[in-house]
Amino acid sequence: MASAGAGGGAAGEGEWLKVAELRAVVQAQDPRAKEVDNLTLRRFLRARDHNVEKAAAMFLKFLKWRREAAPDGFVPEERVRRELAQDKAWMGGVDRAGRPILVGFLARHYSADRDMAEYKSFVVYFFDKICARIPRGQEKFLAIVDLQGWGYANCDVRAYIASIEIMQNYYPERLGKALMINVPYIFMKVWKTMIYPFIDANTRDKFVFVEDKNLHETLRQEIDESQLPEYLGGKMPLIPLKDYVQQPESA
């Protein structure tokens, strides 16, 4: 188990006391909580503004969900093979803060071809993969969501909301920032009217819509040229998620 002071940014003594209180509450209700480190508990605590009761309810719901979503501790590739074949999620380098980069191409997702159960497993699969890349001393990742070529055939509000709810409820405080790029006007309409209301207050500000005229400058503020994806003018080749290999590691 990670020590209370290991990585993840500064925390005061009062916060760690609340983490200890949260641990006592959740372990009393589910002994499997003993396997979870203090940094994970702290993320749930922060997601509920340090309210121990609310954080405990959120965490216990997570433990139950995790046993159902990944009974073997991970989502097997076989369960998400069709989703992986679409090459809509890729691994990049790291940003200037040391956060690993996940790149998504939403125009490669088609609502007519989507099976919701497989899609949700795919979301868990890629969140587990990117979180396993997060280095000690850091707790978040950066996402680049590219909407180049996105149109009505790609519009899948149910899938978008499912992705956000899985991230908010079961991977709290993991997303550092999501840079939304090459955004068509019609997507903004869909986002504001149908998706935004489902995003909690702690997450909304993490979605940054980058104007085309500011794309070059914004990307380089966040990411060094050596780590910026090649297709965006940098030097880092992307790796499709289906080809990404890493040592087994807890997410």
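Note: the structure precedes this text.
Given the structure is predicted, the values throughout are model-derived calculations rather than measurements. (Residues numbered from 1 in each chain as written. Predicted model: local features only at pLDDT ≥ 70, side-chain atom pairs only at ≥ 80, totals over all residues. Heavy atoms only, no water.)

### Focus on the layout of surface pockets
(1) Moving on: If you add up the space inside the second largest pocket, you get close to 160 Å³.
(2) Moving on: Taken together, Trp 65, Glu 68, Ala 69, Val 75, Arg 79, Lys 120, Ser 121, Val 124, Glu 165, Ile 166, Asn 169 and Tyr 170 form the lining of the second largest pocket.
(3) Moving on: Within the residue set of the lining of the second largest pocket, elements represented by two or more residues are α3 (52-69), α5 (116-132) and α6 (157-170).
(4) Moving on: Sorting elements by how many residues they give to the lining of the second largest pocket places α6 first, with four residues.
(5) Moving on: Looking at the lining of the second largest pocket residue by residue, the class counts come to six nonpolar, two polar and four charged. (1 Å grid on protein atoms, 1.4 Å probe; cavity = no way out; pocket = protein on both sides within 12 Å on 5 of 7 lines; lining within 4 Å. Points joined across faces, edges and corners; volume = space filled by probe spheres on them. Helix = DSSP H or I, 4+ residues; strand = E, 2+ residues; numbered from the N terminus. Nonpolar A, V, L, I, M, F, W, Y, C, P; charged D, E, K, R; others polar.)

### A short note on the packing of aromatic side chains
(1) Moving on: Applying the stated criterion across every chain yields a total of 18 aromatic pairs.
(2) Moving on: Look at Phe 59 and Phe 62: their rings are 5.8 Å apart centre to centre, the planes differ by 40°, and that puts the pair in the tilted class. With Phe 59 and Phe 62 both in helix α3 and three residues apart, the pair spans about one turn of that helix.
(3) Moving on: Judged by its relative accessible area of 0%, Phe 59 falls in the buried class.
(4) Moving on: Residues Tyr 160 and Phe 187 carry aromatic rings whose centres are separated by 6.2 Å and whose planes lie at 65° to one another, so their mutual orientation is edge-to-face. You can see Tyr 160 sitting in helix α6 and its partner Phe 187 sitting in helix α7 (residues 185-195), a full 27 residues away along the chain.
(5) Moving on: Judged by its relative accessible area of 9%, Tyr 160 falls in the buried class.
(6) Moving on: A network of ring pairs unites the aromatic residues Phe 44, Phe 59, Phe 62, Trp 65, Tyr 119, Phe 122, Phe 126, Phe 127, Phe 141, Tyr 170 and Tyr 171 as a single cluster.
(7) Moving on: For the cation-ring pair, Arg 204 lies above Tyr 196, with the distance from its terminal atom to the ring centre recorded as 4.3 Å. (Phe/Tyr/Trp six-rings, centres within 6.5 Å; stacked < 30°, edge-to-face > 60°. Buried < 20%, exposed > 50% of the residue type's maximum accessible area, 1.4 Å probe, protein only. Lys NZ or Arg CZ within 6 Å of the ring centre and 35° of its normal.)

### Here we look at the sheet that holds strand β5 (residues 207-209)
What links the strands of a sheet is backbone hydrogen bonding, and the strands pair in either a parallel or an antiparallel sense.
(1) Moving on: Overall, mixed pairing links the six strands, which are arranged β5-β4-β3-β2-β1-β6 in an open sheet. Whereas interior strands pair on both sides, the edge strands pair on one side only; in this sheet they are β5 and β6 (239-240).
(2) Moving on: Across five bridges, the pairing between strand β2 (residues 100-105) and strand β3 (residues 141-146) is parallel. Note on β3: the bridge partner recorded for Gly 104 is Val 145.
(3) Moving on: Most of the contacts of α7 go to β5, to which it runs at about 150°, and overall it touches β4 (175-181) and β5. (Pairing = 2+ DSSP bridges. Contact = heavy atoms within 4.5 Å. Axes fitted to C-alpha atoms, helices over the stretch in contact; angles between N-to-C directions.)

### Section: empty space enclosed by the protein
(1) Moving on: Scanning the model with the defined rule gives two cavities of 30 Å³ or more in all.
(2) Moving on: Residue assignment for the lining of the largest cavity shows that the elements contributing at least two residues are β2, α5, β3, α6, β4 and α7.
(3) Moving on: For the lining of the largest cavity, the residue count by class is 22 nonpolar, three polar and one charged.
(4) Moving on: Size it by volume and the second largest cavity reaches roughly 110 Å³.
(5) Moving on: Around the second largest cavity, the lining comprises 14 residues; the ones closest to its centre are Gln 168, Pro 172, Glu 173, Thr 203 and Lys 206.
(6) Moving on: Every element with two or more residues in the lining of the second largest cavity is listed here: α6 and α8 (201-204).

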